[in-house]
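# Breakdown of the fold
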Amino acid sequence: MRIAVNGSRLYYVDVGARSKPAVVLIHGFPLSSEMWGKQIQALKSSFRVIAFDLRGQGKSEAGDGQFTLEFLVDDLIAVLDHLRVECAILCGLSMGGYVALRAIERNTDRVAGLILCDTKSEADTDEGKLARASTIKTIKAKGVKTFATGFLTNAFAATSISDTKLVNATTRIICKNKPLGLSGTLLALAARTDTTSFLPKIRVPTLIIVGEHDKITPADFSTKMHAAIQGSEMRIIGRAGHLSNIENPDEFNEILFAFLHEKTGV
Ligand code: MLT
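Residues numbered from 1 in each chain as written. Predicted model: local features only at pLDDT ≥ 70, side-chain atom pairs only at ≥ 80, totals over all residues. Heavy atoms only, no water.

With the rule as written, the count across this model stands at one cavity of 30 Å³ or more. When its volume is computed, the largest cavity comes out at roughly 40 Å³. Taken together, L69, Y98, R102, K120, S121, R192, T193 and T195 make up the full set of residues lining the largest cavity. Here the lining of the largest cavity is composed, by residue class, of two nonpolar, three polar and three charged. (1 Å grid on protein atoms, 1.4 Å probe; cavity = no way out; pocket = protein on both sides within 12 Å on 5 of 7 lines; lining within 4 Å. Points joined across faces, edges and corners; volume = space filled by probe spheres on them. Nonpolar A, V, L, I, M, F, W, Y, C, P; charged D, E, K, R; others polar.)

Next up on the list: the environment of E212. With respect to the element layout, E212 can be found in the loop between β7 (206-211) and α9 (219-228). The spatial distance from the C-alpha of E212 to the C-alpha of S60 is 31 Å, given a sequence separation of 152 residues. When residues no more than four places from it in sequence are discounted, the contact partners of E212 are I236, I237, G238, R239 and A240. At 3.4 Å, the side chain of E212 and the side chain of H213 are in polar contact. Among the polar contacts listed, one links the side chain of E212 to the backbone nitrogen of R239, at a separation of 2.8 Å. (Helix = DSSP H or I, 4+ residues; strand = E, 2+ residues; numbered from the N terminus. Contact = heavy atoms within 4.5 Å. Polar contact = N/O pair within 3.5 Å; in protein donor to acceptor, adjacent residues only side chain to side chain.)

With that settled, the discussion passes to the packing of aromatic side chains. A complete count under the given rule lists four aromatic pairs for this structure. An angle of 55 degrees between the planes, with centres 6.4 Å apart, marks the rings of F47 and F257 as tilted. Note that F47 is positioned in the loop between α1 (37-43) and β4 (48-52) and F257 in helix α11 (residues 249-264), a separation of 210 residues in sequence. Taking the relative accessible area as the measure of exposure, F257 reaches 18% and is therefore buried. When the ring centre of Y11 is taken as reference, the NZ or CZ atom of K59 above it lies at 4.3 Å. Across the ring face of Y98, the terminal group of R192 is positioned such that the distance to the ring centre comes to 3.8 Å. (Phe/Tyr/Trp six-rings, centres within 6.5 Å; stacked < 30°, edge-to-face > 60°. Buried < 20%, exposed > 50% of the residue type's maximum accessible area, 1.4 Å probe, protein only. Lys NZ or Arg CZ within 6 Å of the ring centre and 35° of its normal.)

In structure tokens form, the structure reads like this:
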């Protein structure tokens, strides 16, 4: 299914009963909604599950390639409006977490709960911005495949890197993305705001998840969010790096389900 928002056609999936609480899955960079395959399968019999491709990634168009994180939040709200979902639980991994945090800051009444996975509230440091600049150069000069290999080497835990099937499946998802969309997303990430000051104002049930070997957003970031968000819960996923839902889906799903069941009564 596709909808047009701010000059781009966006791809989304909407499965499960409309009468059930809505859970929106927001993917990380440089992936797409495909990364949530195992969560969609597990959740769809109990919840309404919506997953969409952020502009410039997966099957969503990049438009002219110039956008900001604010566009990504607009995309989320437009998907909710289009599907007539007033309020949803947002589950975002890494970049998806940045989008979820900015969405609750901007549109507080549209968010019923938060699941923040392998993410942080801080904006990029200068060092982080320079790393983005260098990644854009790599993508333009060497292509998406070379970039994907470097990204996964850093993102995955050692046990995941030695799992050839998992590496190949994840590389395939990344390689469906085009340089224009990935470069545009990197610029949007570099220019995003810091949502840390909003954390104490969050009043919805919040679960924070992080892979024990996450090197991109290490557990310290999660611990700080956990301390700042009143009543939040935090869980560390074993045998996982930055892409915890892909690397250890069984433990991830168990924790996700326990939280969703407890908070929604479903
Ligand atoms: C992600 O997984 O979404 C990215 O690693 C986030 C980032 O680069 O800040």
